[in-house]
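Now for the letters of each chain:
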Amino acid sequence: MYKTLARKYRPQVFEEVVGQEEIVETLKKAIRINRVTHAYLFSGPRGVGKTTIARIFAKALNCANGPIETPCNKCDSCIEITNGSSLDVLEIDGASNRGIDEIRNLRENVNLLPAKSRFKIYIIDEVHMLTNEAFNALLKTLEEPPDYIKFFFATTAPEKIPPTIISRCQRFNLKPLKREDVKKKLIEICEKENIKIEEKAIDEIYDFCEGSLRDAISLLEQLIIFSDEKVKYEDVRNLLGFPETKKIEEILKYILDKNYINCLETFHNLISDGKDPGLILESMTGKVKNVVEVRFGKESPVLEEKIIEEFKRIEIEKIFEGINYIIEFKDRIRRDREPLLMCEILLLKLCQLWGQEKRKIEEKEIKAETIFDIKFDESEEKKYKEFNWDEILKEIKKIKPTLEAALREGKFEKIEGNSIYVVFDRKFNFHKSMVEKHSSKIEKIIFDYTGKKYKIIPVLDENKKSIVENPEVKKIIEFFNGDILKVEE
Ligand SMILES: [Zn+2]
């Protein structure tokens, strides 16, 4: 008989359980010192071992050699529990047996002694799905359970269980499994099954299954059927219906260029290739998340440099706002009858939010150019002149017109000592930072003109000056690549 991999490799003793060492040790100890209580609650995300642990626990208690930390898996009781045919270990799915009738049956059943085992054990999966009436009925049993009764509850949503029930259970919270743990298990299965697999493929399986070992093994099984000789990274992406990374980066680049038409075209090409709109949006979220991580200092080898650079110029709040749009739309297209139209609206919104005006892109190019292009003619004989701002601007214009243009957006305010203050309105913040960046060049031109060393200090509008110059505030502004919108007393 064909067994799925998940069944074939389901742990049969505590030692085989992956990644839940503390919980397993606590249960083994309870068996060892004979302190097994009558009700346990295992909570945690799907596929991390809740019912697996409950079954092993049941075996350990009912094993012919038991109660024992390591069940023999050979006696009738152990074998029946493995097969799901034990009369004394009853598995109930809370999702399909929600009503009071089932629980009333259970309550009547509870009064009957175990058929042939030490304990009568109820494993109730997804227990939070029970109705209130069912919970009330269950509570009565939990208040005065006979000695031979054990309840093992499993749930993905413990917050939906009444506190009166929870307080009568010993509770264990299972965490999502770690990457290393899942990888190790998958590699072990591949070795036993004689399957070759790329490590990158295993990582991708992990990323998709988010710490659920059961999901990871099921996915691996599909991949084995789907792939030729070796399971490759691209196989995983294909099987999951993900669009190519390259295409997603293309969409993002068009968004950043505010090029809605091309953005839409790339999107429609993906759709006609049979890609799922939801997965396209998910891939986009993943990419933008990487961008944010880079902002916070994480290295990302998976992103194109250009995209990272472009995103750096967007305020972090706007990036988060965009991510929220994508997540919201991803949710909406699942219910909406016109998912494509929804996606188009989303792309338009993102172009609006993240797209750079063409003017700004040109400015950026100019800015890049100015860094390299300024040349001074050192051989020229110098005749120094009196300080005159307008004349100095003309000098700057001769050498680098764009820098002069930037300075003209500001207003020469005053000279204090040897500091020249130029004030910029907030909307010319870009010009201000351009001046800041090239201040030493400007200072050199002024020196060549006047023969005196001046320092150029560009500042934002008067009432913001002191705030802007505060080093802490500067740090924050730099970090978020932001700007001060308003200063309040
Ligand atoms: Zn046994």
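What counts and how
- Residues numbered from 1 in each chain as written.
- Predicted model: local features only at pLDDT ≥ 70, side-chain atom pairs only at ≥ 80, totals over all residues.
- Heavy atoms only, no water.
- Helix = DSSP H or I, 4+ residues; strand = E, 2+ residues; numbered from the N terminus.
- Buried < 20%, exposed > 50% of the residue type's maximum accessible area, 1.4 Å probe, protein only.
- Contact = heavy atoms within 4.5 Å.
- Areas by Shrake-Rupley, 256 points an atom, 1.4 Å probe, with all protein chains shown as cover.
- Donors = N, O, S within 2.8 Å, 3.2 Å for Na, K, Ca; no water.
- Tetrahedral: all angles 85-135°; square planar, octahedral: opposite > 155°, others 65-115°.
- Salt bridge = Lys/Arg side-chain N within 4 Å of Asp/Glu carboxyl O.
- Disulfide = S-S within 2.5 Å.
- 1 Å grid on protein atoms, 1.4 Å probe; cavity = no way out; pocket = protein on both sides within 12 Å on 5 of 7 lines; lining within 4 Å.
- Points joined across faces, edges and corners; volume = space filled by probe spheres on them.
- Pairing = 2+ DSSP bridges.
- Axes fitted to C-alpha atoms, helices over the stretch in contact; angles between N-to-C directions.
- Parallel < 35°, antiparallel > 145°, perpendicular 65-115°, else oblique.
- Left-handed = near helix turned anticlockwise from the far one by under 90°.
- Nonpolar A, V, L, I, M, F, W, Y, C, P; charged D, E, K, R; others polar.

> Can you break down the overall build of the chain residue by residue, with the values?
Along its length, the chain carries 24 helices and 10 strands. Looking at the chain as a whole, 45% of its 489 residues are labelled buried. In the chain, the proportion of contacts linking residues at least 24 apart, taken out of those at least 6 apart, comes to 72%. By element, 49% of the accessible surface of the chain is carried by carbon and sulfur atoms, the whole surface being about 27,100 Å².

> Could you give an account of the coordination of the zinc ion, with specific residues and numbers?
Taken together, Cys-63 (SG), Cys-72 (SG), Cys-75 (SG) and Cys-78 (SG) make up the protein donors of the zinc ion, found 2.2 to 2.3 Å from the metal. One way to put it: the 4 donor atoms around the zinc ion meet at angles of 100 to 121°, and that makes the site tetrahedral. Along the chain, the residues donating to the zinc ion are arranged with the sequence spacing C-x8-C-x2-C-x2-C. Residue Cys-63 is located in the loop between α3 (50-62) and α4 (76-83), and its partner Cys-75 is located in the loop between α3 and α4; the two are separated by 12 residues in the primary sequence. Just as Cys-63 is buried, Cys-75 falls in that class too.

> Give me the lowdown on the pattern of salt bridges, citing residues and values where you can.
Here the structure, examined in full by the defined rule, presents 29 salt bridges. Note that Lys-185 is salt-bridged to Glu-188, the shortest N-O span being 3.8 Å. One end of the pair, Lys-185, and the other, Glu-188, are both in helix α8 (residues 179-193), 3 residues apart, so they sit about a helical turn from each other. Its relative accessible area of 8% is what places Lys-185 among the buried residues. One continuous salt-bridge network, built from bridges that share partners, spans Arg-179, Lys-183, Glu-199, Asp-203 and Asp-207.

> Tell me about the state of the cysteines, and name the residues and values.
Working definition of a disulfide: a covalent bond connecting the sulfur atoms of two cysteines. Summed over the entire model, instances satisfying the criterion amount to 0 disulfides. Not engaged in a disulfide, the cysteine Cys-351 finds its nearest cysteine sulfur in Cys-263; these two sulfurs lie 4.7 Å apart. The exposure class assigned to Cys-351 is buried, which follows from its relative accessible area of 3%.

> Hey, could you go over the layout of surface pockets for me, with residue numbers and the actual values?
When its volume is computed, the second largest pocket comes out at roughly 1,200 Å³. Looking at the second largest pocket, it is lined by 32 residues, and the ones nearest its centre are Glu-204, Asp-207, Arg-237, Gly-286 and Lys-289. Looking at the lining of the second largest pocket, the elements with two or more residues in it are α9 (199-209), α11 (233-239), α12 (245-256) and α14 (277-295). For the lining of the second largest pocket, the leading source of residues is α14, giving 8 residues.

> Outline the sheet that holds strand β8 (residues 411-416), supporting the account with residue identities and numerical values.
One open sheet holds the 3 strands; their spatial order is β8-β9-β10, and the pairing between them is mixed. Strand pairing shows two members of the sheet lacking a second neighbour, β8 and β10 (455-460), which therefore form its edges. Neighbour to neighbour, the strand axes of the sheet diverge by 25° on average, direction disregarded. Across 5 bridges, the pairing between β8 and strand β9 (residues 419-424) is antiparallel.

> Give a description of the sheet that holds strand β5 (residues 170-173) that names residues and reports values.
Read from one edge of the open sheet, 5 strands run β2-β3-β4-β1-β5, paired in parallel fashion. Looking at the sheet topology across the chains shown, the edges are occupied by β2 (89-93) and β5. Pairs of neighbouring strands in the sheet enclose a mean axial angle of 15°, with direction left out of account. Set on the sheet, helix α6 (residues 132-143) makes contact with β1 (39-43) and β4 (149-155); between it and β4 the angle comes to about 135°.

> Got a sec to walk through the packing of α8 against α9? Specific residues and values, please.
The geometry of α8 relative to α9 is characterised by a closest axis approach of 10 Å and an angle of 125° between their N-to-C directions. Taken together, the axis directions place α8 and α9 in an arrangement best described as oblique. Of the two elements, α8 crosses α9, and the hand of that crossing is right-handed. Contact with α8, carried on its side by Arg-179, Val-182, Lys-183, Leu-186 and Ile-187, involves Glu-199, Ile-202, Asp-203, Ile-205, Tyr-206 and Asp-207 of α9 and no other residues of that element. The class makeup of the residues in the contact of α8 with α9 is 6 nonpolar, no polar and 5 charged.

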